[in-house]
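Close look at the chain arrangement
Each chain, letter by letter, is given below.
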Amino acid sequence: MPSLKDLKNRINSVKSTQKITKAMKMVAASKLRRAQEAAEAARPYAERMEAVLSGLGASVANQPGGSPLLVGNGSNDVHLVVVATSERGLCGGFNTSIVRAAQAKIDQLIADGKTVKILCVGKKGYAVLKGRYGKKIIDVVDLSEVKKLGFSDAQAISQRLLKMYEDGEFDVCSLFFAKFQSALVQIVTEQQLIPTPIPEVAEGEEEADLKGAIYEYEPGQEEILDTILPRNVGVQVYKALLENAASEQGARMTAMDNATRNAGDMIDRLTTVYNRSRQAAITTELVEIIAGAEAL
Amino acid sequence: MSQALHFELVSPERLLMDADVASVVVPGTDGDFQVLPNHAPVMSTIRTGIITVDMGGEVKELFVNGGFAEVNSKGLVILAEEAIAKEDMSKADIEQRIANAKEDIADAQTAERRLHAEQELAHYESMLSALN
């Protein structure tokens, strides 16, 4: 039986934990709003890019000698898996679920006899993955000092990927991140970055876009494709990182909300125990006094 | 305006402009071209420079840094890597930044930092040349 003082200390410590989780929840909520706005603001660009790409890609895709970014470099042996996670913990199952999905894919690739390389974005994923795939991890991109995620951050990553691709360090690149759906639901998504899959054109859109007209290309169709494709990789990475940031805050908000509620329950329980033992102590004391008086 | 060109300017960070305008002058890689309503479909890469938007009398100038333009039956869409309204940039400010970047290159301790500063310098210099 813990003493009254122990119980009191315990209650106070849970109370201060609850204060912290509550504060974290509120911070996450406000950050979530900002992250969500950023993700929404980036959407038009990505959408336009996709529309342009699907229009262009469809006409070029079937021709031989297309850009390696579009049709691949012919082999399919070395896979680069980019795992985007958060820089901070305490966000529920966010990092775990991304890492789990990535692990499943990596194990599958290894079982198929492929060579796997891993690039971690965010140190939380690295912390988990290094135990299992230590030597396969080629590097970690640290974004912990980035306050507001800008396009340049994503571009730095994509430029690096493109450089590696040009140098023939991998054949296929896929990216793991969590797509933001709501504060409660984040969907872990795998996206192939290189070679770029051609997005399907929605039927209605196609008619509106083409209307029988033939595009004029300046300088030339291939030159344009050559500039768009690398840029598209950057845009996709940027989009994924923004989605990830929003998901992280959403997951943290939910996790902290739960933690706050659990702390509240715990305080209630401990307070009941505390009151009971206080009453028991008083009763014992009274019984002792009465017994003492009667004995006289 | 019965004849209006639907113009959208998008940067990766946000949608900067979405309006019906009279005409837009685009700095294409192969030379500037003007887009009027009912322009034939064109797709072009753009170089760093100024796009001039004629909003039916009022003229707006924006600085864009790389990207591409697409004209289709719905209008003109410019996807720019970066876009800033010209009135938001002052020559003195950019010159100051160029001086700062040059200093950074001189002080840079690591190769990485130097590279970063050099990129910045090139960026601001292209801005300045576009302004002149």
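The sections below set out a description of the structure shown in this document. (Residues numbered from 1 in each chain as written. Chains lettered and ligands numbered in written order. Predicted model: local features only at pLDDT ≥ 70, side-chain atom pairs only at ≥ 80, totals over all residues. Heavy atoms only, no water.)

Looking at the overall build of chain B
Going by this rule: Helix and strand labels come from DSSP, where a helix needs a run of H or I of at least four residues and a strand needs a run of E of at least two; each type is numbered from the N terminus. The buried label goes to any residue with under 20% of its type's maximum accessible area, the exposed label to any with over 50%, and the partly exposed label to all in between, with areas taken from a 1.4 Å probe on protein chains only. Throughout, a residue-residue contact means that at least one pair of heavy atoms, one from each residue, lies within 4.5 Å. Accessible areas in this description were obtained via Shrake-Rupley with a 1.4 Å probe; residue shielding takes into account the shown protein chains only.
Scanning chain B from terminus to terminus reveals two helices and 10 strands. From first element to last, N terminus to C terminus, chain B shows the α and β order β-β-β-β-β-β-β-β-β-β-α-α. For chain B, buried positions account for 45% of its 132 residues. For chain B, the proportion of contacts with a sequence separation of at least 24, taken over those separated by at least 6, is 46%. With an accessible surface of roughly 6,600 Å², chain B has 45% of that area assigned to carbon and sulfur atoms.

With respect to the pattern of salt bridges
All names here are of chain A. So the rule is basically this: Salt bridges, as used here, are contacts in which a Lys or Arg side-chain nitrogen is within 4 Å of a carboxyl oxygen on Asp or Glu.
Enumeration according to the criterion identifies 12 salt bridges over all chains in this entry. Ionic pairing is found between Asp 257 and Lys 25, a salt bridge with its closest N-O pair at 3.2 Å. Placement of the pair is Asp 257 in helix 7 (residues 221–295) and Lys 25 in helix 1 (residues 4–60), with a sequence separation of 232 residues. Owing to a relative accessible area of 28%, Lys 25 belongs among the partly exposed residues under this scheme. Arg 160 is the partner of Asp 139 in a salt bridge, and the nearest nitrogen-oxygen pair spans 2.9 Å. Taken together, the residues Asp 139 in strand 3 (residues 137–141) and Arg 160 in helix 5 (residues 151–166) connect sequence positions 21 residues apart. The exposure class assigned to Asp 139 is partly exposed, which follows from its relative accessible area of 30%. A relative accessible area of 33% means that Arg 160 is categorised as partly exposed. Beyond isolated ion pairs, a larger network of salt bridges with shared partners links Lys 25, Asp 257 and Arg 261.

Overview of the nonpolar core
Inclusion rule: Definition of nonpolar core: a set of buried residues of the types Ala, Val, Leu, Ile, Met, Phe, Trp, Tyr and Cys, connected through side-chain atoms within 4.5 Å.
Residues Leu161(A), Ile194(A) and Leu241(A) are the most contacted members of the largest nonpolar core, which totals 49 residues. For this core, the element with the most residues is helix 7 of chain A, which contributes 11 residues. Setting aside residues no more than four positions away along its own chain, Ile194(A) makes contact with Leu69(A), Leu161(A), Leu162(A), Tyr165(A), Phe170(A), Asp171(A), Val172(A), Cys173(A) and Val233(A). Among the nonpolar cores identified, the runner-up in size contains 23 residues, and Phe7(B), Leu9(B), Val42(B) and Val71(B) belong to it.

Brief notes about a nonpolar patch on the surface
We apply this condition: A residue counts toward a patch only above 30% relative accessible area and without a salt bridge, and it is joined to like-charged neighbours within 9 Å or, for Val, Leu, Ile, Met, Phe, Trp and Tyr, to nonpolar neighbours within 5 Å.
A contiguous nonpolar surface patch, about 380 Å² in accessible area, is contributed by Ile282(A), Leu286(A), Ile289(A) and Ile290(A). Residue position: Ile290(A) is located in helix 7.

By themselves these figures say nothing about function.
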